[in-house]
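Observations on the three-dimensional arrangement
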Amino acid sequence: MKRVIIVRHAKSVSHGYDQDYDRILSERGEEDALTISLELQKMNIHPDLIIASPAVRTSQTAWIFADTLGYPKKTILFKKKLYSGKTSENFLAMLQELEDEKETIIVFGHNPTVYYYMHFLLRDFNDDVPTCSTAGIDFEVDSWSKLRERNGKMAFRFIPDMFK
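Just so you know, these numbers come straight off a predicted model, no measurement behind them.

Moving on: the overall build of the protein chain. Helix and strand content of the protein chain: five helices and six strands. The N-to-C order of helical and strand elements in the protein chain reads β-α-β-α-β-α-α-β-α-β-β. Against the globule reference of 15 Å for 164 residues, the protein chain gives a C-alpha radius of gyration of 15 Å, in line with a compact fold. Counting only C-alpha atoms, the protein chain reaches 40 × 35 × 30 Å along its principal axes. By residue count, 52% of the 164 residues in the protein chain fall in the buried class. A separation threshold of at least 6 residues defines the contact pool for the protein chain, and within that pool the share at least 24 residues apart is 78%. Surface accessibility of the protein chain: about 8100 Å² in total, with carbon and sulfur atoms responsible for 48%.

Printed below as a string of structure tokens:
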């Protein structure tokens, strides 16, 4: 089985839209990222790889998750295409190229792209994706190269408001 956990970055400050790439997490965003990452820790999730958009708010979200889950921050793979809106087909191709010894990966990105990825990988997904939404998607395959669109099964889904 292969598992992809997709995370929309946590809540960022409400100013600085003219310099979107450099926007930082708000205090609430930091709290939400910690809350959700602690839920993953309770589930004993240990990612084999973390891939993230290099935008500041997304990097900060990934670092919080990495700290909580015991993943070395210096090995996070930053992909600029996750910021600029990699298409769902390109996203799937990126996943299909992963090394098969990796079982669980976490990908951090932005909306609306995160929504499109979830919609593309799952058979029936049409929900909202608020900040720090996290979805675990399982694939009954032994190789990443065998991933196909709409073949994923939702293993879990967390939204920060669930824990307030």
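Text resumes after the structure shown.
The two faces of strand β2 (residues 49-52) match: Leu49 and Ile51 on one face and Ile50 and Ala52 on the other face are all buried. In the sheet, β2 pairs with strand β4 (residues 104-109) via four bridges, with the strands oriented parallel. Among the inter-strand pairings, leucine 49 is bridged to a residue of β4, identified as isoleucine 105. Here two bridges tie β2 to strand β3 (residues 77-78), and the two strands are oriented parallel to one another.

Evaluation of the coordinates by the stated rule reveals eleven salt bridges. Two residues, arginine 57 and aspartate 20, come together in a salt bridge whose shortest N-O distance is 3.0 Å. Of the two residues, arginine 57 is situated in helix α2 (residues 56-69) and aspartate 20 in the loop between β1 (2-8) and α1 (27-42); the sequence distance between them amounts to 37 residues. Connected through salt bridges with shared partners, the residues Asp20, Arg23 and Arg57 form a single ionic network.

For the pair helix α4 (residues 88-96) and helix α5 (residues 113-121), interaxial distance at closest approach is 9 Å and the crossing angle is 70 degrees. Considering the angle they form, α4 stands roughly perpendicular to α5. The hand of the α4/α5 crossing is right-handed. Here Ser88, Glu89, Phe91, Leu92 and Leu95 of α4 lie close against α5, whose contacting residues are Tyr116, Tyr117, Phe120 and Leu121. When the residues that make up the contact of α4 with α5 are grouped by side-chain class, the tally is seven nonpolar, one polar and one charged.

So, how was this worked out
The numbers attached to residues start from 1 for each chain and follow its sequence in the written order. In keeping with the predicted nature of the model, local features appear solely for residues at pLDDT of at least 70, side-chain atom pairs appear and are counted solely at 80 or more, and the whole-chain, interface and lining totals rest on all residues. As a convention, hydrogens and water are excluded, and side-chain values are obtained from all of the structure's heavy atoms. Here a strand is any run of E in DSSP of at least two residues, a helix any run of H or I of at least four, and the numbering for each starts at the N terminus. Both definitions apply: the radius of gyration is a C-alpha atom measure, and the globule rule equals 2.2 Å times residues to the power 0.38. Burial classes: relative accessible area under 20% of the type maximum marks a residue as buried, over 50% as exposed, and values in between as partly exposed (1.4 Å probe, protein chains only). Only heavy atoms matter for contacts: two residues are in contact if any of them lie within 4.5 Å across the pair. Accessible surface area values rest on a Shrake-Rupley calculation with a 1.4 Å probe, where residue burial reflects the displayed protein chains alone. When DSSP finds two or more bridges between a pair of strands, those strands are recorded as paired. Salt bridges are defined by distance alone: a side-chain nitrogen of Lys or Arg within 4 Å of a carboxyl oxygen of Asp or Glu. The axes are straight lines fitted to the C-alpha atoms, using for helices just the contacting stretch, and the angles between their N-to-C directions are given from 0 to 180°. Here roughly perpendicular refers to angles of 65 to 115 degrees, roughly parallel to angles under 35, roughly antiparallel to angles over 145, and oblique to all remaining angles. Two helices crossing with the near one rotated counterclockwise from the far one by less than a right angle form a left-handed crossing, whereas a clockwise rotation gives a right-handed crossing. Ten residue types, Ala, Val, Leu, Ile, Met, Phe, Trp, Tyr, Cys and Pro, are classed as nonpolar, four, Asp, Glu, Lys and Arg, as charged, and the remainder, Gly among them, as polar.

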